[in-house]
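These are the residues of each chain, in order.
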Amino acid sequence: MIDLRSDTVTRPTPAMREAMARAEVGDDVYGEDPTVRLLEERVAELLGQEAALFTATGSLANVLALQGLVTAGQEVLCAADAHIARAELGVHAAVNGLTTRTWTDGPLALDQIRELFAPDLGPFFVPTAAVSVENTHNFSGGAVLALEDLKALRAWADEHGTRLHLDGARLWNAVAATGVDAATYGGLFDAVAVCLSKGLGAPIGSLVAGSADHIAEARVWRKRLGGGMRQVGVLAAAGLHALDHHRERLADDHEHARLLAESCEIDPDSVATNMVVVPDVDVETFVAVCAAEGVRVGAVGPRTVRLVTHLDVTRDQVELARPVLVRALASSRPTAAGS
Ligand SMILES: *Cc1c(COP(=O)(O)O)cnc(C)c1O
């Protein structure tokens, strides 16, 4: 089975499992797990932030990131298809008491952000407290945000006293695609969330990074929300192993995604990282033809499927999947076939 549904389907490698088995552990709620401490320090430094906190999920890391930037009754601006708006099941409203307003013009629409911004005019309107962006941007197909645009966003935010949040679930992919280092991206933001359980292939784990004060408060909130964890050095060890061994290879995933795109009649140059979005197909047919030949793909819209490459998809498997995708496309898009 070649599983292209998501980069979350990876299994820990034998070497990762060994690192987990060897991990030194302690009670992390007491702050006594040395491996977790090591991971938190490592990631803070990688992201150009003062401190970081280990969380079970990226959603929780985003909650803790925004919790420190926005108080209840304020708003966050984000893209209409941001993960925080579409895929975190309302937690930012429920827990952080914040509202979102969204821009529609791509992953980072500076003009629309300027228009949407609401100054604090007293107790009549919801003021904008933060802007949240995603890099890479999941639902636009793993798009990478341009560093110049992010710098312009930072300059604008400084002028307006607005805080910036980065949902960097796949920041490592952006780094692999551009060669810009993670601290250059991360340092532009007031708080950053990253995942270890996507392209990096750890079985679980995310971190929120920010100022020392912010992270100290996030530690309290993590416990309050039931997210305190005990001897999780075994999990942090998987994350450290992933950071050491699985970042550079993300470039292979990106190359693989380009090959899959070609088979789906998509310009490989439009594929920025490890995702290929195939539009205008009969989704059921596409998924079924693939499944019958041992390739799993995911539907992400009524007429859209998504292919995601990752650690557990080898080059040979990509070559095996390619003709299957050609057949799936031909069956699911009869009018386009042969044109
Ligand atoms: C996966 C993901 C998250 C976090 O998801 P969890 O399932 O909670 O770990 C956050 N943002 C983006 C863009 C993601 O793709």
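Residues numbered from 1 in each chain as written. Predicted model: local features only at pLDDT ≥ 70, side-chain atom pairs only at ≥ 80, totals over all residues. Heavy atoms only, no water.

A. Structural detail: the nonpolar core. The biggest cluster of nonpolar side chains holds 76 residues, and the ones touching the most others in it are Phe54 and Val133. Setting aside chain neighbours within four positions, we find Val133 in contact with Trp103, Pro107, Leu108, Leu145, Leu150, Leu153, His165, Leu166, Asp167 and Phe189. With 26 residues, the next largest nonpolar core counts Ile2, Ala261, Ile266 and Val276 among its residues. (Core = buried A, V, L, I, M, F, W, Y, C linked by side-chain atoms within 4.5 Å. Buried < 20%, exposed > 50% of the residue type's maximum accessible area, 1.4 Å probe, protein only. Contact = heavy atoms within 4.5 Å.)

B. Looking closely at the sheet that holds strand 2 (residues 51-55). The strand order across the open sheet built from seven strands is 2-8-7-6-5-3-4, with neighbouring strands paired in mixed fashion. The open sheet terminates on both sides in strands that have one partner only, identified here as strand 2 and strand 4 (99-103). Each strand of the sheet is rotated relative to its neighbour by a mean of 20 degrees, with strand direction disregarded. Note: strand 3 (residues 75-79) against strand 5 (residues 128-134), three bridges, orientation parallel. Bridged to Leu77 within strand 5 is Val131. The strands touched by helix 3 (residues 58-67) are strand 2, strand 3, strand 6 (163-168), strand 7 (191-195) and strand 8 (206-210); relative to strand 8, the strand with the most contacts, the crossing angle is about 15 degrees. Across the face of the sheet, helix 10 (residues 212-224) comes into contact with strand 2, strand 7 and strand 8 while running at roughly 20 degrees to strand 2. (Pairing = 2+ DSSP bridges. Helix = DSSP H or I, 4+ residues; strand = E, 2+ residues; numbered from the N terminus. Axes fitted to C-alpha atoms, helices over the stretch in contact; angles between N-to-C directions.)

C. Looking closely at the sheet that holds strand 12 (residues 304-308). Across the sheet, which stays open at both edges, the three strands sit in the order 9-12-11 with antiparallel pairing between neighbours. Either end of the sheet is taken by a strand with one partner, and the two such strands are strand 9 (275-278) and strand 11 (298-301). Between one strand axis and the next, the sheet turns through 35 degrees on average, direction left out of account. Sheet topology places strand 11 next to strand 12; three bridges connect them, and they run antiparallel. Across the sheet, Ala299 pairs through a bridge with Val305, a residue of strand 12. Relative to strand 12, helix 13 (residues 283-292) is tilted by about 35 degrees, and along the sheet it contacts strand 9, strand 11 and strand 12.

That is the geometry; function is a separate question.
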